[in-house]
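# Descriptive analysis of the structure
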Amino acid sequence: MSDFPFLSVLTVAPLVGAVVVAFLPRSRPTLAKQVALGWSLLVLALSVVMWVTFQVGGDRFQFRESYPWIPNWGVNFTFAADGIALVMLMLIAVLVPLVILASWHDAESSKRSVPVYFALLLVLECTMIGVFAAADVFLFYVFFEVMLVPMYFLIGSYGGHQRQYAAVKFFLYSLVGGLFMLAAVIGLWVVGGKTFDWVALSQVDISTGAERWLFLGFFVAFAIKAPFFPFHTWLPDAVGAAPAGAAALLVGVLDKVGTFGILRYCLPLFPDAAQWFAPWALALAVIGIIYAALLAVGQNDLKRLVSYTSIAHFGFIGVGIFAFTTQAGTGAVLYMVNHGLATGLLFLVVGMLIARRGSALVSDFGGAGKLVPVLAGVLFFAGLASLALPGTAPFVSEFLVLIGTFTVNKPVAVIATLGIILAAAYVLWMVQRTTQGTLNPALTEIDGMKRDLNLREKVVVAPLIALIVVLGFYPKPVTDVINPAIQATMQDVGRTDPAPSADTVQEASR
């Protein structure tokens, strides 16, 4: 089974599904939804088989495939997955069917084509899988850019207030980042012996000056995509205007392309430059944690509030990456997965709440838990997971990042810890103002607020809640997959974990 072309099939399958869904009659929206859901479940099933087939402790990159594309440029359709890519591919496979279920009526409310909406979700899944599976730098760049197209139309055609402005801003920011990357990709091809193969490029010796410029080109593109401070301003607008399901994928998966790209390309291909720029990257990450958390506290729009929490969380991921320890690096990748689950759940639940109220403003709620107690309970759980409450999956990843950073950079770890305190403030404030306290009399006059979670919505939230709890107590199946890839990345950078102090060794021997 290891010879099966998992990655190419996983990449192409959603695209084929998208074509089928797009050509279904507009007069049969339910059929389009069912076909899209069935196709996404097929991708999930194949991903589970790939996960089981992956050999922990085996080759760093597995499921490798390579097909000629542009021989004169040394470009191939090359796919391969290490542990980091594998966990992200599983995250995509889990989230997309749940987003399709959660978005069952989103396209209808926009009065636009339902088949096209769900076809765009499948095209987005295709490009997301491709960008994480690519092992050719040029192929990665193509998926990186094409991924913008379906999300642009999901926001611009099916979004809410100021959707055109938000879609254009999202596209322009990402396009500018892509231009920086294109320049770096061309430069890498020139200095790397006219090849785009990741394995070959990782063996190339690049001069110090060229390496720093190439690192900067890739890093700027990834920092915009992540988004890191100060490249973050497109995210609140895009998320605020996007449909809830698209917003969940935008923050849950698309943004991870930035942090994944740093781990896959910036660190192994430009190790000396990565260490040279590390203090600056750590500074941006720490500023992002505190700055975004403070902005989240003052938000009155639920979607924008959650988007700022995500910017703060990406600061933690950045800290974990540039601490250059195995523990912090594993925590950063685990944070990417857990953030996708927790924030994906939070966005979907917020979307359900907004759909019932017809407003995203916190001030338009108040005491909603008295009318929709189950929905309010799920919102509370998602909020607690977002602030990394012990017993939830994000706590494990956040703890690994902080403890792994503390061993090498105590000031950064201490300052980042302040973000945990602020997270409690903005999450509890949001929950208290929306679902707790005195009931807003206006809510009793809205039919939507009289409907608690239905069966479809329970099916959406239940798997995410289960995964967040299970990984909160037993993350080993995921960390076992991540660890070898992180250790190999640290070796590429030339960094080793700090040796334990004499006192620690003496204490352990007792």
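Keep in mind the model is a prediction, meaning the values are calculated, not measured. (Residues numbered from 1 in each chain as written. Predicted model: local features only at pLDDT ≥ 70, side-chain atom pairs only at ≥ 80, totals over all residues. Heavy atoms only, no water.)

Attention now goes to the overall build of the protein. Regarding its fold elements, the protein presents 22 helices and two strands. Computed over C-alpha atoms, the radius of gyration of the protein comes to 22 Å, within 12% of the 24 Å expected from 2.2 N^0.38 for 510 residues, which places it in the range of a compact globule. Referenced to the eigenvectors of the C-alpha coordinate spread, the extents of the protein come out at roughly 70 × 60 × 40 Å. Buried positions account for 60% of the 510 residues belonging to the protein. Of the roughly 19,000 Å² of accessible surface on the protein, 66% is carried by carbon and sulfur atoms. For the protein, the centre of its 28 positive side-chain charges and the centre of its 27 negative side-chain charges are spaced 10 Å apart. (Helix = DSSP H or I, 4+ residues; strand = E, 2+ residues; numbered from the N terminus. Rg over C-alpha atoms; globule rule 2.2 N^0.38 Å. Buried < 20%, exposed > 50% of the residue type's maximum accessible area, 1.4 Å probe, protein only. Areas by Shrake-Rupley, 256 points an atom, 1.4 Å probe, with all protein chains shown as cover. Lys, Arg positive; Asp, Glu negative; His and termini not counted. Charge placed at Lys NZ, Arg CZ, Asp CG, Glu CD.)

In this section: the nonpolar core. Counting residues in each nonpolar core, the largest one holds 195 residues, and the members touching the most others are Phe140, Phe218, Leu267 and Phe322. Counting residues per element, this core draws most heavily on helix H16 (residues 326-357), which supplies 17 residues. Beyond its immediate chain neighbours, meaning those up to four positions away, phenylalanine 218 contacts Val137, Met181, Ala184, Val185, Leu188, Tyr265, Cys266 and Phe270. (Core = buried A, V, L, I, M, F, W, Y, C linked by side-chain atoms within 4.5 Å. Contact = heavy atoms within 4.5 Å.)

Bringing empty space enclosed by the protein into the picture now. Within this structure, the stated rule accounts for four cavities of 30 Å³ or more. In this structure, the largest cavity spans a volume of roughly 50 Å³. In this structure, the largest cavity is lined by Ala312, His313, Phe316, Tyr335, Ser386, Leu387, Ala388, Glu398, Gly419, Ile420, Ala423 and Tyr426. Those elements giving two or more residues to the lining of the largest cavity turn out to be helix H15 (302-322) and helix H19 (410-434). Ranked by residue count, the leading element in the lining of the largest cavity is H19, at four residues. Partitioning the lining of the largest cavity into residue classes produces eight nonpolar, three polar and one charged. (1 Å grid on protein atoms, 1.4 Å probe; cavity = no way out; pocket = protein on both sides within 12 Å on 5 of 7 lines; lining within 4 Å. Points joined across faces, edges and corners; volume = space filled by probe spheres on them. Nonpolar A, V, L, I, M, F, W, Y, C, P; charged D, E, K, R; others polar.)

Time to look at the pairing of strand E1 (residues 62-70). On a regular strand, one side chain projects to one face of the sheet and the next to the other, so that they alternate. Across six bridges, the pairing between E1 and strand E2 (residues 75-81) is antiparallel. Bridging across to E2, serine 66 finds its partner in threonine 78. The hairpin formed by E1 and E2 contains four residues between the paired strands, and glycine 74 there has a positive phi angle of roughly 70°. (Pairing = 2+ DSSP bridges.)

Looking now at the environment of methionine 336. Relative to the helices and strands, methionine 336 is located in helix H16. For methionine 336 and methionine 88, which are 248 residues apart along the polypeptide, the C-alpha to C-alpha distance reads 8.0 Å. Dropping the residues within four chain positions of it, methionine 336 is found in contact with Met88, Leu91, Lys256, Thr259, Phe260, Leu263 and Ile317.

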